[in-house]
Structures are given as structure tokens and as C-alpha cells.
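Structural overview
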Amino acid sequence: MSMPSIYKTLGTSVLMAGMAFGSTAALAADGPLRGNVRVVIGSTSTGGDTYQNSNIVVDALAEHLDLNMKVDAVGASSAFRFLDRDPRGNTLMIFHDQSYLGYLYGVEGYEDIFDKYTIGPTIAINPGNAYLVPKDSPYQTLDDVIEAVGNGEEVRVAIQPGGVSEIGFSALKNAIAIEHPGMEDNLVAVNTGSQADKNQQLFDDQADMINGTVQANEQYTRLPEDDQKAMRFLWLTARNSTIEQAPEDGLGKTTREQLLQYVEPNVSVPMGNGDDFTFDKEFFFLYNKDMDPAIVDQIDQALTEIYAEGEIQETQKNSFFIPNFKPSEEAAEYLETKMSVYEDIITNIQ
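Basis of the calculations
- Residues numbered from 1 in each chain as written.
- Predicted model: local features only at pLDDT ≥ 70, side-chain atom pairs only at ≥ 80, totals over all residues.
- Heavy atoms only, no water.
- Helix = DSSP H or I, 4+ residues; strand = E, 2+ residues; numbered from the N terminus.
- Contact = heavy atoms within 4.5 Å.
- Salt bridge = Lys/Arg side-chain N within 4 Å of Asp/Glu carboxyl O.
- Axes fitted to C-alpha atoms, helices over the stretch in contact; angles between N-to-C directions.
- Parallel < 35°, antiparallel > 145°, perpendicular 65-115°, else oblique.
- Left-handed = near helix turned anticlockwise from the far one by under 90°.
- Nonpolar A, V, L, I, M, F, W, Y, C, P; charged D, E, K, R; others polar.
- Buried < 20%, exposed > 50% of the residue type's maximum accessible area, 1.4 Å probe, protein only.
- Pairing = 2+ DSSP bridges.

Some thoughts on the side chain of H96
Tracing the backbone shows H96 in strand β3 (residues 91-96). In contact with H96, other than residues within four places in its own chain, are T50, V164, K281, E282, F283 and F284.

Structure representation (C-alpha cells):
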């Protein structure tokens, strides 16, 4: 299945959802979801994008449904365990593509979410997944990296293995295998941990390129070239149409127009089927498989009404998230198709 075919126009999702769930907020509040609701997330950071994104949506839901709902940053392993134990609906989970990429990469503790859980609605995209080089790097473009690796040069890339941080690396390795067969092993993963760890690899000249984010790394792109910490973007994995929806001011001192230089079609990572690789980091709900389906409908209905009001989209965009609501059934089909595309890439390089 080609990459563009899984990406439908985002606006139609809200329209379809509005047609499917036309009830009032009062009815939503009278639904089966009651009492205190804990929303666990697959991150332990209260300063990261998962927590920030989840808080925006959970606060809106709590107000709309008149419920006490709180986000709890417990990390992926604990979040899945807590979700497994609670079929009542008092524990929900929000995570992103890591939840299925971890499974595809064989990371311990990850199972097939489409088999084990009920997939809830998508809520937003973090468009900031990026790859950067030192400002004084000889590689001016991602094409330069592909060519260098194809010519036998070793290029070291700092990533956090097994998920969102690695998928762009896998796609780049796959593209090199297509364009320069047999040379792809010259692209070398430097497996490390947090964003600070990846940054440090670059500062210490232990990596030639790193996976980063617009949010965490934009500040370093403003430093003068002779600064040891100075970086520049080579590639944003997001779709062009995703970045197009970002605020015109972009983030920090990097405008939307500047960010568009680093996405397709300006940066091309071939997938071998005529399409270029893109990756949007998307956030969505996961539910215990045995949870009352009426709760699934209740949350779909509430979010349909919240997104129809339009205020939440502005809040998300102000935090550099791109609104992307799809109700549960549509979200499950969409994400499963998305997983199959990335599974092909991961399989190709193993």
C-alpha cells in the first residue's frame, strides 16, 4: 500500500465524525464513563510532548463530560500494565506510534496493540520529528548524506532504538539500499537514550547526524557556526501537508516557510514504490479490550463535539501540535494501515 493512500484529508474525519455522533454534550455527560478517570501515558516526562498533548485533550474532555480526569506520566510498560488491569473504563491510555513501532522492532514489553487493545480516537500530530547535523557539517542536504554513504563513507546517526526515533533512520537506510545496493551498512546507528543524550553525541563528535525534534533542537539552530552546539536541520519526516497547518510563525525563530524546506518534496527519501517516506508522530487513545463499547462511543461523541467547537485546535496549534481527530473505528483502520507500511520498511532492512 502506498504512503499517500493512508493519509486522507484531515478535515473529512471531523465532518464524518460529526455526522456519526450528533448528540448533545448533555447526553455525553450522562454516559457510562463515571467517577475518577486516570489517563496513563507512555512517557515518564511531565515536560514532554506526550504529557502536554494529552493534558490539552484530557482537560477538554473533563470539562465537557463534567468528570474528574487526570493525566498520569507512568511510562509505556507501566501504562500498558495499568490498562490491562482495568476493564471498567476508569483507566484509559494515550500514546503515539511508539506503541506499535516498539512491537515491530521487537522491543521487550510491546505487543500487537491491534490485537490486545481497542484503539481509540487519534487526537493530534507532533510534526517536529527531525534529523540534524552540526552547523559546520559537510552535508548540506540529506541527498549529500545518501550520496556519501553510497560512496562508502560511514555516517553515524544517534537515535534512541526501537520506535519513533529509529523509523526515519530505517527509512533512510532502506532508501540507500534502493539507490546504492550493498552500501546501506555504512549508515551506522549510534544507539543512545534521551534527546539530551543524542545531542551530546553530536557535541562530542561521536555522531554525524542525530534524530531530534523542532521543539527540542530549534534553539541550537540559531547558534553561530563556531559554537560547538550549533546545528541545522536536514530533514523533517512530517508530511508537507502537516507542516502547512502549523502556525505561520513556526516555532522559536524558525518560520513555517523555513520548516517546509526540510519536508517532501524538497527532501526525498524513496521507499521503492514511487513514493517518498514520510512519518507523522500521531497521538491516540488505547482502551482495555473488555471495556464497555458504550464508553468508546461516549468519548468519540464528546471529542467530536469538542473539535467541532474549534477551540481545542487553537490550543494545540499554539503548542506546535497539529489537530488530527479521527473517531475510534476510523482511527483503528488508519493506524493499522500505517503500521503495515512501516512494517515493510523495517522488514526490508533486517
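Read on for the rest.
Quick look at the pattern of salt bridges
For the coordinates displayed, the defined rule picks out 12 salt bridges. A salt bridge links E111 to K116, with the shortest nitrogen-to-oxygen separation between them at 2.9 Å. What emerges from the salt-bridge pattern is a single network uniting D84, E111 and K116.

Brief notes about the packing of helix α8 (residues 142-150) against helix α9 (residues 164-179)
Across the interface, α8 lies against α9 with an axial gap of 10 Å and an inter-helix angle of 55 degrees. Classed by the angle they form, the pair α8 and α9 counts as oblique. The element α8 and its partner α9 pack so that their crossing is right-handed. Here L142, V145, I146 and V149 of α8 lie close against α9, whose contacting residues are L172, I176 and E179. Broken down by class, the residue content of the contact of α8 with α9 amounts to six nonpolar, no polar and one charged.

Here's the deal with the pairing of strand β11 (residues 322-326)
Most of β11 is tucked away: five of the five residues are buried. Judged by which residues are buried, β11 turns out to be covered on both faces: I322, N324 and K326 on one side and P323 and F325 on the other are all buried. Alignment of strand β4 (residues 117-126) against β11, held across three bridges, turns out to be antiparallel. Bridge pairing in β11 links I125 to I322.

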